[in-house]
Amino acid sequence: MTHNQNRSAIIRFAIVVFALILISKLFYLQVLSDKYAEKSARLSIRAVIEFPDRGLITDRNGEIIVFNEDAHDLVVHFPFNKKEFEMDDFCRLVKMTPEEVTEKLKTARASRFNQKGLFIKNISTQDFARIQEGLFKFPQFSMEARSDRKYKHNIAAHTLGYVAEISRYELERDDEEYYDIGENIGKSGLERYYESLLRGAKGKQLYLKDNTGKLKEHYNDGADDTKATVGTELKVSLDVLIQEYGEKLIAGKTGSIVAIEPATGEILAMVTSPGYKPDMFAIKNLGKNYSKLATHPDKPLINRATTSMYPPGSTFKVVMSLIGLQEGAITPNTRYSCNGGFHIGGLTVRCHAHAPRPNVTYAIQTSCNAFYCNTYREILHQDRFENIEEGYNNWKSYLNRMGLGNKLGTDISGEKAGNVPNANYFHKIHGQNKWNYVRIISMSIGQGELLLTPMQMANISAMVANRGYFYTPHFIRSDNVPEAFTTKHEVGIDNQHFTTVVDGMRNVLTNGTGAYVQIPGIDICGKTGTVQNPHGENHSIFIAFAPKDNPKIAIATVVENAGYGSTWAAPICTLMIEKYINRDTVSQRPELEKKMMETEIPKK
Amino acid sequence: MSEKIYGQSRVDGITVLLYLLLVFCGFLAIYSSSHGSDNFSFDFSTKYGKQIIWIAISITLGAVLFLMDVRFFEAFSYTFFIAWMLLLFLVIFFGKEVNGARSWFAIGSFRLQPAEFAKLGVALALSRYVSDIDTDMKSLRYQLITAGIILLPIALIVLQGDAGSGLVFFSFIMVLYREGLSGSILVIGIIAVILSVLTFAFGFIAMIAALIILGGIITAFIYTNTRQLKIFWLVILACIGFTKAVDFGFSNVLQEHQQKRILVMLGLLEDPQGLGYNVNQSKIAIGSGGFWGKGYLQGTQTKGDFVPEQHTDFIFTSIGEEFGWVGSTVVIIIFVLLFLRISMLAERQRSKYSRVYAYCVLSVLFFHFLINIAMTINLAPVIGIPLPFFSYGGSSLISFTVLLFLLLRLDTNRENELDSDY
């Protein structure tokens, strides 16, 4: 019997061994492996997302520019249980064929890890009521409410930017994992830059669901649920009045207007033309408009105010005057003769008719080229410089401090830096230090390699208006303005030199190149520019600020292919100034206003 | 213990305690998987309500056994056996078809599965036959009759279309092993299982080729004498014959869904939507339980009815999900304690009949326990057999209870037995 009693021990041993095998496998499944917990959550928990209203955007006077309207998406939840799905009923509900539904389901499930997909985006109001009513039979579908943008003032499209479905690329870069596929995100302009403020915070309610997809009670008694937080209202510096006005003035022309409040760096208006109306890019309209505008030959999507670069032309003489005075290269009393231009060797920089020996004030007033050719020589070839590189870099450093040749760093993206070449650039062309001011003479009158964006031109105007400093131009005006926009940038030019230069700019309007656009009662200071354009007609440029004392507005306007600065850019600038300061509904110069608004200048 | 009632020992309290513990845990799991809503209402028309009734009936029947003369069962062992075999046979013709198997008698709303009770009949008959003083375990006749007692119900149940329940009867090999069946039969059994699995995996032709090549290699390298070689090649030939039989049986006897289940279980067929669906859902429910579980009535998979047949064959998933690894392990430990206790009870019987019967109980319970839990975690194919004392259903609970309590009844009478075999 001992033999068989051993067998009983063997049987007991075997029972324990098999039990241990079960316990080990359970340990692997339950404790060591995470994948079942993940699968379980995916199968049995549905997150119902509550989308908060996006923050409003209001102008500097509290006027609402952008608000929201309700929009609805029909979403489908995965895994999709085909067994319980009544295809025919569903087809009737959404008015599709079974093939379309199958196809849509396939597209909605972009990846097998997706828990939900977009089935119909932006359901119209009448469809919404109908579908919503019949949807209870299809627990795997649900409506998601989210808001679309609506525009009380249909202006400033490029500045405001637009909101649209997040792209795959943006999803991949979403490190906080805030967004889900099919959700919306600010794509450009302020909508993009201040996305994290505007979007608020999504709310999330976790529900248990059963094997048919029907929702049951709150998961974990709602302990993990969160409430949605409405997006922050974005107060921006735009003035709806002049933004709208500027868009009318420049309509039919190619170019841009940038107006800045000098004391703060706040952008009052940023106009670019040709443009589009922001509601064309509301989510419901985006599909039909985007590709049309993106491929339009006039490139209406480009924000010329920050991304187009132009030689500043004669407006740059303001900068040259300031550097010359600061460097001691010239004094307010320095005079250079101008005999119809500047002549050296075989080179002539032509000039137009004016009194023969201008000083700096008069040179600004009459836009004398010869004066600045001479001034440039004096700035670059001072005795203390060992070679041209030192002189050039000294000059260039003034430009850089004024925000030229670098991005200003405003709060809409895509801004260009303009172009202020390095000395190396000329070394390469002419040989190491084997060049002098004559080789680069065109830059002294704002031509040649020098390129600025309209915003940089407006910023020069603001800097002069402030007599020597500026704030980075920006739009945000909310309570917590980022430090980058409240830092004063001194440009390194003494206050007294501005008196001389500002007098010259004032004279431009009283009896200089811009005399015919002056407005009684407002002391505007300005400078015209007519930029030679090798590709076609000259660009018309004007920079200005007003009033002369305690300036309220600094502005730059570029009108492409429009000819003289005084004929197009200057009237537009001064009309803008008039509107901003007087805020009258009727201009004192209705004829000029009418001409600006109604003339179309085709791009050549 | 020594107190006598009519010359009887006391009922083994430990076994009763373990039994009640398992039934209680089982009820908790059934309640969880079938209570539907969140409020703790109670309703006898629900699954858990009915289970209460089954529990009451089972315990009553268990108690009634103690009022009966213990010799009654031994005397009527064969009668029981024949009666249940008859029922198994009749159900093939008069049964109600459920899930492709004709294994239920339906009288009104009341349903009875004779296969569940047949285990008791076979256990009694086997105990009676094996313990019979005339039975010579060495003789072929003895072996054939023993095999017949086990194989007859298997054949009848397979004919009902419920091969899974039929497999249970193979567990009686454990009894025969304890009573002296040669260990080499077990070895042959294991080899047979390995050969079967390989045949499913690689097919009949490949298996023949492999066996012949293997034989050739062994013949070439381990050349001994001609007689041994002959025997060796006879074994190879037997293997080939067996392989052919398995192949034939697999494709002709087993139904298509059973073939698939086996292939899915062996990892030879991927099918998470179809047959693998149950196991996949079962693994998700158990696996998501984690170390401590999600808490009683908090199982997301259980609440959402994700596991098909959760209250019956997959009841363990509810334990796994809501009580985690700790709870699962505790349940397994309770089962193991019960098994060890039964084995102890078996060894203390003076009557061979009682001992054999005890091992019959042990082998049936252990097989159900092992295969049921193993199938929920994908260690065994999905064959529809219940987890003893846990799974919802009157037939299984009553039959397991009677099976166990009869052992307790025999155990109370152990002092009155004098067995010639000792």
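About the criteria used
Residues numbered from 1 in each chain as written. Chains lettered and ligands numbered in written order. Predicted model: local features only at pLDDT ≥ 70, side-chain atom pairs only at ≥ 80, totals over all residues. Heavy atoms only, no water. Helix = DSSP H or I, 4+ residues; strand = E, 2+ residues; numbered from the N terminus. Buried < 20%, exposed > 50% of the residue type's maximum accessible area, 1.4 Å probe, protein only. Contact = heavy atoms within 4.5 Å. Areas by Shrake-Rupley, 256 points an atom, 1.4 Å probe, with all protein chains shown as cover. Phe/Tyr/Trp six-rings, centres within 6.5 Å; stacked < 30°, edge-to-face > 60°. Lys NZ or Arg CZ within 6 Å of the ring centre and 35° of its normal. Core = buried A, V, L, I, M, F, W, Y, C linked by side-chain atoms within 4.5 Å. Domains from an automatic or database assignment. Pairing = 2+ DSSP bridges. pLDDT = per-residue confidence, 0-100. Axes fitted to C-alpha atoms, helices over the stretch in contact; angles between N-to-C directions. Buried area = accessible area lost by both parts, 1.4 Å probe. Salt bridge = Lys/Arg side-chain N within 4 Å of Asp/Glu carboxyl O. Nonpolar A, V, L, I, M, F, W, Y, C, P; charged D, E, K, R; others polar. Arc of directions from axis to C-beta. Expected span 1.5 Å × (residues − 1). Patch = residues over 30% accessible without salt bridge, like charges linked within 9 Å, V, L, I, M, F, W, Y side chains within 5 Å.

**Quick look at the overall build of chain B**
Moving on, step 1. A count of helices and strands for chain B gives 17 helices and 3 strands.
Moving on, step 2. The buried share of chain B, reckoned over its 422 residues, is 53%.
Moving on, step 3. Put simply, 70% of the contacts in chain B that link residues at least 6 apart link residues at least 24 apart.
Moving on, step 4. When the accessible area of chain B is evaluated, it comes to approximately 18800 Å², of which 69% is carbon and sulfur surface.

**A few points about the overall build of chain A**
Moving on, step 1. What chain A contains, in helices and strands, is 21 helices and 19 strands.
Moving on, step 2. Within the span of chain A, comprising 604 residues, buried residues form 55% of the whole.
Moving on, step 3. Partitioning the intrachain contacts of chain A with sequence separation of at least 6 by distance along the chain shows that 70% fall at a separation of at least 24.
Moving on, step 4. Surface summary for chain A: the accessible area is close to 26300 Å², and the carbon and sulfur share equals 50%.

**With respect to the packing of aromatic side chains**
All names here are of chain A.
Moving on, step 1. With the rule as written, the count across this model stands at 51 aromatic pairs over all chains.
Moving on, step 2. Consider the rings of Phe-80 and Phe-141, whose centres lie 6.0 Å apart with planes at 80°: the pair is edge-to-face. With Phe-80 in the loop between β3 (64-77) and α3 (87-94) and Phe-141 in strand β5 (residues 141-151), this pair connects stretches of sequence that are 61 residues apart. The same class applies to Phe-80 as to Phe-141, namely buried.
Moving on, step 3. Summarising the aromatic geometry, the rings of Tyr-193 and Tyr-194 are spaced 4.9 Å apart at their centres and angled 70° between planes, so their arrangement reads as edge-to-face.
Moving on, step 4. Looking at Arg-199, its charged tip hangs above the ring of Tyr-178, at a distance of 3.8 Å from the centre.
Moving on, step 5. In this arrangement the basic side chain of Lys-595 is found over the ring face of Trp-568, its NZ or CZ atom lying 4.9 Å from the centre.

**What about the nonpolar core?**
Moving on, step 1. Tyr392(A), Trp395(A), Leu399(A), Met463(A), Val464(A) and Met576(A) are the most contacted members of the largest nonpolar core, which has 125 residues in total.
Moving on, step 2. Split by domain, the residues of this core number at least three in each of domain 1 (46-235) and domain 2 (240-292 + 303-589) of chain A.
Moving on, step 3. With 117 residues, the next largest nonpolar core counts Val331(B), Ile373(B), Leu397(B) and Leu410(B) among its residues.

**Looking at the pairing of strand β17 (residues 525-531) of chain A**
Residues and elements named next belong to chain A.
Moving on, step 1. Burial runs high along β17: 6 of the 7 residues are buried.
Moving on, step 2. Here β17 pairs with strand β18 (residues 539-546) via 7 bridges, running antiparallel. In the strand pairing of β18, Gly-529 is matched with Ile-541.

**Side note on the confidence of the model for chain B**
Residues and elements named next belong to chain B.
Moving on, step 1. Summing up the model confidence of chain B, the mean pLDDT is 85 and the portion of residues at 70 or higher is 92%.
Moving on, step 2. No element of chain B has a lower mean pLDDT than helix α12 (residues 256-265), at 72, and none a higher one than helix α15 (residues 316-347), at 96.
Moving on, step 3. Residue range residues 1-5 is modelled with pLDDT below 50. Its contacts to residues more than four positions away, or to other chains, number 7 contacts.
Moving on, step 4. Predicted as a complex, the structure gets a pTM of 0.70 and an ipTM equal to 0.89.

**Some thoughts on the sheet that holds strand β9 (residues 215-218) of chain A**
All names here are of chain A.
Moving on, step 1. Judged by pairing direction, the sheet is antiparallel, and its 3 strands sit side by side in the order β1-β8-β9 without closing on themselves. On the outer flanks of this sheet lie β1 (45-50) and β9, each paired with one strand and no other. This sheet shows a mean twist of 45° between the axes of neighbouring strands, independent of strand direction.
Moving on, step 2. The pairing of β1 with strand β8 (residues 203-209) spans 6 bridges and is classified as antiparallel. Its bridge partner lying in β8, Ile-45 is registered against Leu-208.
Moving on, step 3. Packed onto the sheet, helix α2 (residues 35-44) meets β1 and β8 and runs at close to 60° relative to β1.

**Description of the interface of chain B and chain A**
Moving on, step 1. Residue-level contacts link 49 residues of chain B with 34 residues of chain A.
Moving on, step 2. Summed over both partners, the interface of chain B with chain A buries about 3700 Å², with 69% contributed by carbon and sulfur atoms.
Moving on, step 3. In this structure, Lys303(B) and Glu217(A) form a salt bridge, with 2.6 Å as the shortest nitrogen-oxygen distance.
Moving on, step 4. Mapped onto the side of chain B that touches chain A, the elements with two or more residues apiece are α8 (173-178), α13 (276-287), α14 (300-303), α15 and α16 (352-376) of chain B.
Moving on, step 5. Top contributing element to the side of chain B that touches chain A by residue count: α15(B), with 13 residues.
Moving on, step 6. A breakdown of the residues in the side of chain B that touches chain A according to their chemical character gives 23 nonpolar, 17 polar and 9 charged.

**A short note on helix α4 (residues 98-108) of chain A**
The α-helix advances 3.6 residues per turn, and as a result positions three or four apart in sequence lie on the same side.
All names here are of chain A.
Moving on, step 1. Of all the residues in α4, the buried ones are Val-101, Leu-105 and Ala-108. For α4, the buried positions fall inside an angular range of 65° around the axis, keeping them on one side. Set apart from the buried face of α4 by more than 90 degrees, the exposed residues are Glu-99, Lys-106 and Thr-107.

**Looking at unusual backbone geometry**
Residue and element names in this part refer to chain A.
Moving on, step 1. The step from Ser-273 to Pro-274 runs through a cis peptide bond, and the omega angle for that step is 0°.
Moving on, step 2. Along the chain, Pro-274 falls in the loop between β12 (266-273) and α11 (283-294).
Moving on, step 3. Cis geometry is adopted by the peptide bond preceding Pro-547, which originates at Ala-546 and carries an omega value of -15°.
Moving on, step 4. Its identity as a non-glycine residue notwithstanding, Asn-561 has a phi of 55°, on the positive side.
Moving on, step 5. Following the sequence through the fold, Asn-561 ends up in the loop between β19 (553-559) and α20 (569-582).
Moving on, step 6. Exposure remark for Asn-561: the relative accessible area of 3% places this residue in the buried category.

**Structural notes on the confidence of the model for chain A**
Moving on, step 1. Averaged over chain A, the pLDDT score is 90; the fraction of residues at 70 or greater is 98%.
Moving on, step 2. Across chain A, helix α18 (residues 454-465) of chain A holds the top mean pLDDT of 97, while β9(A) sits lowest at 82.

**Section: α13(B)**
Moving on, step 1. Counted at 1.5 Å a residue, the expected span for α13(B) with its 12 residues is 16 Å, and the 16 Å between its end C-alpha atoms agrees.
Moving on, step 2. Extensive coverage of α13(B) is indicated by the burial of 9 of its 12 residues.

**With respect to a nonpolar patch on the surface**
All names here are of chain B.
Moving on, step 1. A cluster of nonpolar side chains, contributed by Phe-42, Phe-44, Ile-52, Ile-53, Ile-57 and Leu-61, occupies part of the molecular surface with about 490 Å² of accessible area.
Moving on, step 2. Relative to the helices and strands, Ile-57 is located in helix α2 (residues 47-65).
Moving on, step 3. By relative accessible area, which is 32% here, Ile-57 ends up partly exposed.

**Observations concerning the pattern of salt bridges**
Moving on, step 1. For the structure on display, the rule yields 37 salt bridges over all chains.
Moving on, step 2. In this structure, Glu266(A) and Arg60(A) form a salt bridge, with 3.1 Å as the shortest nitrogen-oxygen distance. Of the two residues, Glu266(A) sits in strand β12 while Arg60(A) sits in the loop between β2 (57-58) and β3, which places them 206 residues apart along the sequence.
Moving on, step 3. On the basis of relative accessible area, Glu266(A) is assigned to the buried category, the value being 9%.
Moving on, step 4. Note that Asp503(A) is salt-bridged to Lys548(A), the shortest N-O span being 3.1 Å. On the criterion of sequence distance, the pair formed by Asp503(A) in helix α19 (residues 495-511) and Lys548(A) in the loop between β18 and β19 is long-range, its members being 45 residues apart.
Moving on, step 5. We classify Asp503(A) as partly exposed; its relative accessible area is 30%.
Moving on, step 6. On the accessibility criterion, Lys548(A) (21% relative accessible area) is partly exposed.
Moving on, step 7. Where salt bridges share partners, they join Asp12(B), Arg341(B), Arg348(B), Arg350(B), Asp411(B), Arg414(B) and Glu415(B) into one cluster.

**A few points about the sheet that holds β18(A)**
All names here are of chain A.
Moving on, step 1. In space, the 5 strands of this open sheet follow the order β12-β11-β19-β18-β17, with antiparallel pairing throughout. Every other strand in the sheet has two partners, leaving β12 and β17 as the edge strands with one partner each. The average angle at which neighbouring strand axes cross in this sheet is 5°, direction not considered.
Moving on, step 2. Relative to β19, β18 runs antiparallel, the two sharing 7 bridges. Note that in β19 the partner of Ile-543 across the bridge is Ala-556.
Moving on, step 3. Across the sheet, α19 is in contact with β17 and β18; its angle to β17 comes to roughly 75°.

**Side note on the side chain of His427(A)**
Moving on, step 1. Note that His427(A) resides in helix α17 (residues 423-430).
Moving on, step 2. Residues within four places of His427(A) in sequence aside, it is in contact with Glu389(A), Gln432(A), Asn433(A) and Trp435(A).

**What about the side chain of Ser165(B)?**
Moving on, step 1. Note that Ser165(B) resides in helix α7 (residues 163-167).
Moving on, step 2. If we skip the residues at most four places from it in the chain, Ser165(B) touches Gln113(B), Ile157(B), Gly384(B) and Ile385(B).

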